[in-house]
Amino acid sequence: MITFKKKFDFCATDNELGDYITYMADVMVGDIDPQVEFDVESDEQHRYVTFKILDKVLH
């Protein structure tokens, strides 16, 4: 699993967070059936986006 975590200022808009998630998903365009998870968290000063690219299971 590969994890990317980006910190945004607390006043970052939902659109800014969405643009980052879209950008990260666009990076995966060449991958066949990518499995990703993302999570948005916040504290008093920052907002965080965690983007995880899950390992593929070979059968």
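Positions within a chain are numbered from 1, following the residues in the order the chain's sequence is written. It should be noted that, the model being predicted, local features are given only for residues of pLDDT at least 70 and side-chain atom pairs only at 80 or more, the latter also being counted only at that level, while totals for whole chains, interfaces and linings use all residues. Only hydrogens and water are removed before side-chain values are computed, so all heavy atoms of the structure are retained for them.

Quick one: what's the story with the sheet that holds strand β2 (residues 36-42), residue by residue and with numbers?
Picture the strands of a sheet paired through backbone hydrogen bonds; they go either parallel or antiparallel. Between any two strands, pairing holds if DSSP finds at least two bridges. Put simply, DSSP H or I for four residues or longer makes a helix, DSSP E for two residues or longer makes a strand, and each gets a number counted from the N terminus. Sheet architecture is open: three strands sit in the order β1-β3-β2, paired in antiparallel fashion. Among the strands making up the open sheet, the edge pair consists of β1 (2-9) and β2. On average, each strand axis in the sheet is tilted by 15 degrees relative to the strand beside it, whichever way the strands run. Here β1 runs beside strand β3 (residues 46-53); their pairing, made up of eight bridges, is antiparallel. Residue Ile2 lies in a different strand from β3, and its bridge partner there is Ile53. Here, two residues are considered to be in contact whenever any of their heavy atoms come within 4.5 Å of each other. Geometry is summarised by axes, namely lines fitted to C-alpha atoms with helices restricted to the contacting stretch, and by angles between N-to-C directions that run from 0 to 180 degrees. Running at roughly 20 degrees to β3, helix α1 (residues 14-27) makes contact with β1, β2 and β3 of the sheet.

Function cannot be inferred from these measures alone, as they are strictly geometric.
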